[in-house]
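# Architecture and fold: a report
One-letter residues, chain by chain:
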Amino acid sequence: MANNKNDLLVSGAEDAMENMKEEIANEFGVQPGADTTARENGSVGGEMVKRMIKIAESGMSQNNK
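Structure report, in brief. All values derive from a computational prediction rather than experimental measurement.

Okay, the nonpolar core next. The biggest cluster of nonpolar side chains holds 6 residues, and these are Met 20, Ile 24, Ala 25, Val 30, Val 44 and Met 48. Ranked by residue count, the leading element in this core is helix H1 (residues 13-28), at 3 residues. Here Val 30 is in contact with Ala 25, Thr 36, Glu 40 and Val 44, once residues within four sequence places are set aside.

The structure is reproduced here in structure tokens:
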């Protein structure tokens, strides 16, 4: 069990998450970090969640076939 709510449960997932964040930030024209507004950082995080849900739903639908 994870010690922190932000701990990743799958080894190697950290790199994939960072790549996703960078890809989305580039698409949105955002440079994520402390000097970026909460709204801009949040838009990147929100899009990450949307895409992860889409990936999970796709995997679930493939498992049900």
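With that settled, the discussion passes to a nonpolar patch on the surface. On the surface, a nonpolar cluster with roughly 230 Å² of combined accessible area is contributed by Val 49, Met 52 and Ile 53. Along the chain, Val 49 falls in helix H2 (residues 38-63). Note on Val 49: relative accessible area 43%, which makes it partly exposed.

So, about H2. In a regular helix each residue adds 1.5 Å, so 26 residues correspond to 38 Å; H2 covers 37 Å between its end C-alpha atoms and thus fits that length. All buried positions along H2 are accounted for by Val 44, Glu 47 and Met 48. The inward-facing, buried residues of H2 contact H1.

Cut-offs used in this document
Residues numbered from 1 in each chain as written. Predicted model: local features only at pLDDT ≥ 70, side-chain atom pairs only at ≥ 80, totals over all residues. Heavy atoms only, no water. Core = buried A, V, L, I, M, F, W, Y, C linked by side-chain atoms within 4.5 Å. Buried < 20%, exposed > 50% of the residue type's maximum accessible area, 1.4 Å probe, protein only. Helix = DSSP H or I, 4+ residues; strand = E, 2+ residues; numbered from the N terminus. Contact = heavy atoms within 4.5 Å. Patch = residues over 30% accessible without salt bridge, like charges linked within 9 Å, V, L, I, M, F, W, Y side chains within 5 Å. Areas by Shrake-Rupley, 256 points an atom, 1.4 Å probe, with all protein chains shown as cover. Salt bridge = Lys/Arg side-chain N within 4 Å of Asp/Glu carboxyl O. Expected span 1.5 Å × (residues − 1).

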